[in-house]
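Chain residues, written in single-letter form:
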Amino acid sequence: MSLDELKARLSELNNVNRAAAILGWDQQTMMPPGGAEARARQLGTLSKIAHEIQTADETGRLIEDAKKEVAGMDYESDDAALVRAAEYDYEQATKLPTDLVVAIMETTTLAHEVWVEARANNDFEHFRPMLEKIFDLTHQMVECFGYKEVPYDALLDQYERGMPTREVKRLFDELKQELVPLVKAIAENQDAVDDSVLHRSYPIDKQREFGEKVVSAYGFDFKRGRQDLAVHPFCTHFSANDVRITTRFDPNWINPALFGTMHESGHGMYEQGIAQNLDNSILGSGTSLGVHESQSRMWENIVGRSRGFWGHFYPELQALFPDALNGVTVDTFYKAINKSYPSFIRVEADEVTYNLHIMVRFELEQAIMNGELAIKDLPAAWNAKFEDYLGIVPPNDAQGVLQDVHWSSGLIGYFPTYSLGNLLSVQFYDKAVQEHPEIPNEIARGKFDTLLNWLRVNIHQHGRKFTPQELVQHVTGTSIQTGPFMRYLTEKYTDIYNL
Ligand code: ZN
């Protein structure tokens, strides 16, 4: 049976890729800086092996034969879905020469340490040659992939299959029209919310204790996952039964670890929720970054920044941090964690201004890919766009163009998926509540099973069986839209700021 042979082959491919993921996790959590060069070689070799298995003639032959075997099967069956995904991956991978794949892996692995240094020393020039090389390799990759309308299409498609640049632009234009007046109305009412209570002394061990307690209550399974420290928090998985989340602590600011842990647990629960029979196959991952981010943002914002949630959890938080929170009411705290104001760092931005941070990156990446912007001019272009969108200019590049890990990792075309995830998070949550109106009341009692089970049944278990478009259509009956997100935001912020 070619199908069985194909499965065995793809399972090996999956093993190589997951082993590489372990090395990637180690690099960002444990590895001393001195390990970078050896790690680049090791990951380069693994990416070569994976690419060779992926693009071998034998793989192509097995896919063609397996297609005949699954021809009569239900479209939604695991086997039919596996062969569809395998064919897509094969077609994509065979467009890239192995040399280019290895060069990208080695360059981006080395670039990580250079970026960490550049960011720490606020020195863009230190990072510039690496970034130029990365964009050069990205241009080469785009030429190999080909594209329909603009080069950026080829990049976006890697992370959000089937989503054209034109459609993201349309959604962003819609969003911008509604966000700008909301940001302005909030700015005029800025005094309504004071968030100084968040910037007090919060001992790190207690922060960790509370964060892990919350995400355990959400349903993140620490028997099948763990949390470690990273410069730039992320989630990765080696299996549905071994999912790694990361966080970072600030002893004088409760937000980064608290909401970061909630966020990453949303990614983690998606991976832990994938059906066991898809584990160890190429279907054993979330279907797209947009859908992934819908999960993290739902647990971080819609649940974790809701009044209901804090009605239940605030007394516990207060008991852990009596010095910081004695005499601070739950309403003061709730408003503080939802304070909206223009800020420099994307991952710490509030729900209203967050998508503006993404639009800055989306436009700059396109300008570079279209040859309209040189890397040497990127810091100035960043600052100009930032002023245009958020009305403030970063005081230095560490808080500006150097803040994100993504470009050093070669992740170009990735940022828009954060905004798509924000939009989807509300669409999915609305659907869950429509089917289970008791969900908000459960959240207010510190219970999350109904929501998590709904997500598992409708989204998590399927892994990569369906394309993001298929999944969104299937679950919501429509495509990605801005309306539900803007309604959610307007309602929430009208209340918080008495607009
Ligand atoms: Zn995320």
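Computed from a predicted model, the values in this text were never measured in an experiment.

Under the definition given, this model contains 25 aromatic pairs. For the pair F309 and W310, a centre-to-centre distance of 4.9 Å together with 75 degrees between the ring planes defines the contact as edge-to-face. Comparing F309 with W310, the two get one shared label, buried. Ring geometry for Y493 versus Y497: centroids 6.2 Å apart, planes at 20 degrees, classification stacked.

When you line up the elements, T107 lands in helix α5 (residues 98-121). Excluding residues that lie within four positions of it along the chain, T107 makes contacts with M130, K133, I134 and L137.

Y218, F309 and W310 are the most contacted members of the largest nonpolar core, which has 123 residues in total. Structurally, this core is a two-domain feature, drawing no fewer than three residues from each of domain 1 (2-143) and domain 2 (165-497). One finds L3, I63, V70 and A275 within the second-largest nonpolar core, a separate group that totals 22 residues.

With that settled, consider the packing of helix α17 (residues 416-435) against helix α21 (residues 483-496). Their axes nearest at 8 Å, the elements α17 and α21 cross at an angle of 85 degrees. By the angle between their directions, the pair α17 and α21 is classed as roughly perpendicular. On α21, the residues touching N422, L423, V426, Q427 and D430 of α17 are P484, F485 and Y488. Classifying every residue of the contact of α17 with α21 gives five nonpolar, two polar and one charged.

Within this structure, the stated rule accounts for 31 salt bridges. Here K169 makes a salt bridge to D173, at a shortest N to O gap of 3.4 Å. Taken together, the residues span about one helical turn, with K169 and D173 both in helix α8 (residues 165-188) at a distance of four residues. What makes K169 partly exposed here is its relative accessible area of 42%. D242 is the partner of R244 in a salt bridge, and the nearest nitrogen-oxygen pair spans 2.6 Å. Given a relative accessible area of 13%, R244 falls into the buried group. The class for D242 is partly exposed, based on a relative accessible area of 26%. Here the residues in one salt-bridge network are E58, R61, D65 and K68, joined through shared partners.

Pairing is mixed in the open sheet, where three strands are placed in the order β1-β3-β2. The open sheet terminates on both sides in strands that have one partner only, identified here as β1 (225-229) and β2 (235-239). In this sheet, adjacent strand axes meet at a mean angle of 20 degrees when their direction is disregarded. Bridging between β2 and strand β3 (residues 242-247) involves four bridges; their strand directions are antiparallel. Within the sheet, the bridge partner assigned to C235 lies in β3 and is I245. This element, helix α1 (residues 2-29), spans β1, β2 and β3 of the sheet and lies at about 145 degrees to β2. The sheet strands contacting helix α10 (residues 255-272) are β1, β2 and β3, and the helix crosses β3 at an angle near 165 degrees.

Right, let's get into the coordination of the zinc ion. Ligation of the zinc ion by protein atoms is provided by H263 (NE2), H267 (NE2) and E293 (OE), these donors lying 2.1 to 2.2 Å from the ion. Counting gaps between the donor residues of the zinc ion yields the pattern H-x3-H-x25-E. Of this pair, H267 sits in helix α10 while E293 is found in helix α11 (residues 289-303), placing the two residues 26 residues apart along the sequence. With relative accessibility at 4%, the residue E293 sits in the buried group.

Turning next to empty space enclosed by the protein. Summed over the entire model, instances satisfying the criterion amount to four cavities of 30 Å³ or more. The calculated volume of the largest cavity comes to roughly 90 Å³. Lining the largest cavity, in full, are D195, L198, W253, N255, R305, A336, I337, N338, K339, Y341, E348 and D350. Each pocket or cavity is described by its volume, and for the second largest cavity that value is around 70 Å³. Taken together, the elements giving at least two residues each to the lining of the second largest cavity come down to α9 (204-218) and α10. Per-element tally for the lining of the second largest cavity: the top contributor is α9, with four residues. Here the residues of the lining of the second largest cavity are counted per class, giving seven nonpolar, four polar and one charged.

The next point concerns the domain arrangement of the chain. In terms of domain boundaries, the chain breaks down into domain 1 (2-143) and domain 2 (165-497). Computed over C-alpha atoms, the centres of domain 1 and domain 2 are 26 Å apart. Across the contact, 41 residues belong to domain 1 and 43 residues belong to domain 2. Here domain 1 meets domain 2 over a buried area of about 3700 Å², counting both sides, of which 64% is carbon and sulfur. Our count for the contact surface shared by domain 1 and domain 2 stands at two salt bridges.

Each value, and the rule that gives it
- Residues numbered from 1 in each chain as written.
- Predicted model: local features only at pLDDT ≥ 70, side-chain atom pairs only at ≥ 80, totals over all residues.
- Heavy atoms only, no water.
- Phe/Tyr/Trp six-rings, centres within 6.5 Å; stacked < 30°, edge-to-face > 60°.
- Buried < 20%, exposed > 50% of the residue type's maximum accessible area, 1.4 Å probe, protein only.
- Helix = DSSP H or I, 4+ residues; strand = E, 2+ residues; numbered from the N terminus.
- Contact = heavy atoms within 4.5 Å.
- Core = buried A, V, L, I, M, F, W, Y, C linked by side-chain atoms within 4.5 Å.
- Domains from an automatic or database assignment.
- Axes fitted to C-alpha atoms, helices over the stretch in contact; angles between N-to-C directions.
- Parallel < 35°, antiparallel > 145°, perpendicular 65-115°, else oblique.
- Nonpolar A, V, L, I, M, F, W, Y, C, P; charged D, E, K, R; others polar.
- Salt bridge = Lys/Arg side-chain N within 4 Å of Asp/Glu carboxyl O.
- Pairing = 2+ DSSP bridges.
- Donors = N, O, S within 2.8 Å, 3.2 Å for Na, K, Ca; no water.
- 1 Å grid on protein atoms, 1.4 Å probe; cavity = no way out; pocket = protein on both sides within 12 Å on 5 of 7 lines; lining within 4 Å.
- Points joined across faces, edges and corners; volume = space filled by probe spheres on them.
- Buried area = accessible area lost by both parts, 1.4 Å probe.

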